[in-house]
Amino acid sequence: MRDQVVGLRTYAGVLAGEPGSYADEVEGCYGVRPHYADEAVFTAAHEQLEELLPGDGLLAERYEHWEDAIRVPTEQIERTMAAVIEEARAWTRGLVELPADEGVVLEIVRDKPWWASCDYLGDLRSRIAVNVTLPMSAIELLILTLHETYPGHHTERCSKEHLLVRGRGLLDETLVLVPTPQTLVSEGIAKLAPEMLLEGEGGAPLAAVISDAGVEFDLAHALAIRRAHEPCAWAEVNAALMLHDGGASEAEVHAYLERWGLMSPKLAAHMIRFFTEPTTRTYIHTYSAGRELCRSYVAGEPERFRRLLTEQVRVGDLLEARDAGSK
């Protein structure tokens, strides 16, 4: 609760016009201070992608061409996501005890500043809204669905309501607030969720769902590309810092995202909208920082991932675990 209040006090100050840097705002809201990633990290990632995506033309063009080749038709997205949800739910039951009456409702939306959201409705139910304005590749559909549902956001929220709120009377778990440290932990959990299935035995059934949608799809190759591309997500953090603290123009940030993030012009424009919306201007930092801290905490152990889903784990706990592991 103390962490939540600090985050809310920070954001209330921003809304009231209190002076301070964007980096201060991020740290106050989420409990971690943002930093610029060395562009050498992106160069190394691009070199790996060059090997995985051979051919002529610029790397960004080849990356986009690969994504285009495994696009899920817009009219197939809802049906395919629903099938992925059922497979993921079955796998997740082996990790945590899902309440018998939990479930999700899938909703297709358009023209939002985000790609998807999980709105927890209470009573162990969530509404999953998916923005189909942007095209979606097969690997993006898998990752997005697992991130939002099983064993990601929905699983965390219904597990904590079942075990902590109903089981132990911890009413503070009914408050899910943005922007606070709680959301960084939650996004870190959801970022790890796809790895838990796709990198293990759960991958083959999910790849079969994609094939049933009529998309030719090599899961192992797609995962290798995603792993190589993952460091480029820090380019989004750099871009937000450039925009808000570095004095860069939107045009400069757009070019930066295209170059280092390998984004299409449409996706880069979407990200800038995300960086500038009042309620999401700092949120980009929850993804990479949350994934880094939660991955360090879990260290490949499913039981520790289950603990994240079912117990109150603070950002401070994750930082302590990371620092202890680095000694």
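Peer 1: I'm lost on the nonpolar core in this one. Help?
Peer 2: Across soluble globular proteins, nonpolar side chains have a tendency to be buried as a group. Counting residues in hydrophobic clusters, the biggest one holds 93 residues, and the most contacted among them are Ile139, Phe217, Phe275 and Phe305. The residues contacting Ile139, other than those within four sequence positions of it, are Trp66, Ile70, Leu198, Phe217, Leu219, Ala222, Leu223 and Arg226.

Peer 1: I keep staring at the environment of Trp234 and nothing clicks. Help me out?
Peer 2: When you line up the elements, Trp234 lands in helix H11 (residues 234-244). As a C-alpha pair, Trp234 and Asp38 span 196 residues in sequence and 9.1 Å in three-dimensional space. Excluding its chain neighbours within four sequence positions, the residues that come into contact with Trp234 are His35, Ala37, Phe42, Ser288, Ala289 and Glu292.

Peer 1: Just checking my understanding: could you explain the sheet that holds strand E1 (residues 103-109) for this structure?
Peer 2: One open sheet holds the 3 strands; their spatial order is E1-E3-E2, and the pairing between them is mixed. Each end of this open sheet is capped by a strand with a single partner; those strands are E1 and strand E2 (116-122). On average, adjacent strands in this sheet sit at an angle of 20° to one another, irrespective of strand direction. In terms of strand pairing, E2 meets strand E3 (residues 125-131) through 6 bridges, oriented antiparallel. When the bridges of E3 are listed, Ala116 appears paired with Val130. Docked against the sheet, helix H5 (residues 74-92) engages E1 and E3, running at close to 160° with respect to E1.

Peer 1: When you look at the side chain of Thr80 in this model, what are you seeing that I'm missing?
Peer 2: With respect to the element layout, Thr80 can be found in helix H5. Contact partners of Thr80, with chain neighbours within four places excluded, come to Val72, Leu141, Val209, Ile210 and Ala213.

Peer 1: Explain the pattern of salt bridges to me, please; I cannot follow it from the model alone.
Peer 2: Side chains that differ in charge, positive against negative, can pair when their charged atoms come close. Enumeration according to the criterion identifies 26 salt bridges in this entry. For the salt bridge of Arg281 with Glu25, the shortest nitrogen-to-oxygen distance reads 2.8 Å. Of this pair, Arg281 sits in the loop between helix H13 (265-276) and helix H14 (284-298) while Glu25 sits in helix H2 (residues 22-30), and the two are 256 residues apart along the sequence. What makes Arg281 partly exposed here is its relative accessible area of 22%. Accessibility expressed as a relative area gives 6% for Glu25, which makes it buried. Residues Asp68 and Arg71 are paired through a salt bridge, measuring 3.1 Å at the closest nitrogen-oxygen approach. Taken together, the shared-partner salt bridges in this structure form one network comprising Glu67, Asp68, Arg71 and Glu140.

Peer 1: What is the right way to read a nonpolar patch on the surface from this model?
Peer 2: Residues Met1, Val5 and Leu175 make up a contiguous nonpolar surface patch of about 270 Å² in total accessible area. Classification of Met1 as exposed rests on a relative accessible area of 53%.

Thresholds, definitions, all that
- Residues numbered from 1 in each chain as written.
- Predicted model: local features only at pLDDT ≥ 70, side-chain atom pairs only at ≥ 80, totals over all residues.
- Heavy atoms only, no water.
- Core = buried A, V, L, I, M, F, W, Y, C linked by side-chain atoms within 4.5 Å.
- Buried < 20%, exposed > 50% of the residue type's maximum accessible area, 1.4 Å probe, protein only.
- Contact = heavy atoms within 4.5 Å.
- Helix = DSSP H or I, 4+ residues; strand = E, 2+ residues; numbered from the N terminus.
- Pairing = 2+ DSSP bridges.
- Axes fitted to C-alpha atoms, helices over the stretch in contact; angles between N-to-C directions.
- Salt bridge = Lys/Arg side-chain N within 4 Å of Asp/Glu carboxyl O.
- Patch = residues over 30% accessible without salt bridge, like charges linked within 9 Å, V, L, I, M, F, W, Y side chains within 5 Å.
- Areas by Shrake-Rupley, 256 points an atom, 1.4 Å probe, with all protein chains shown as cover.

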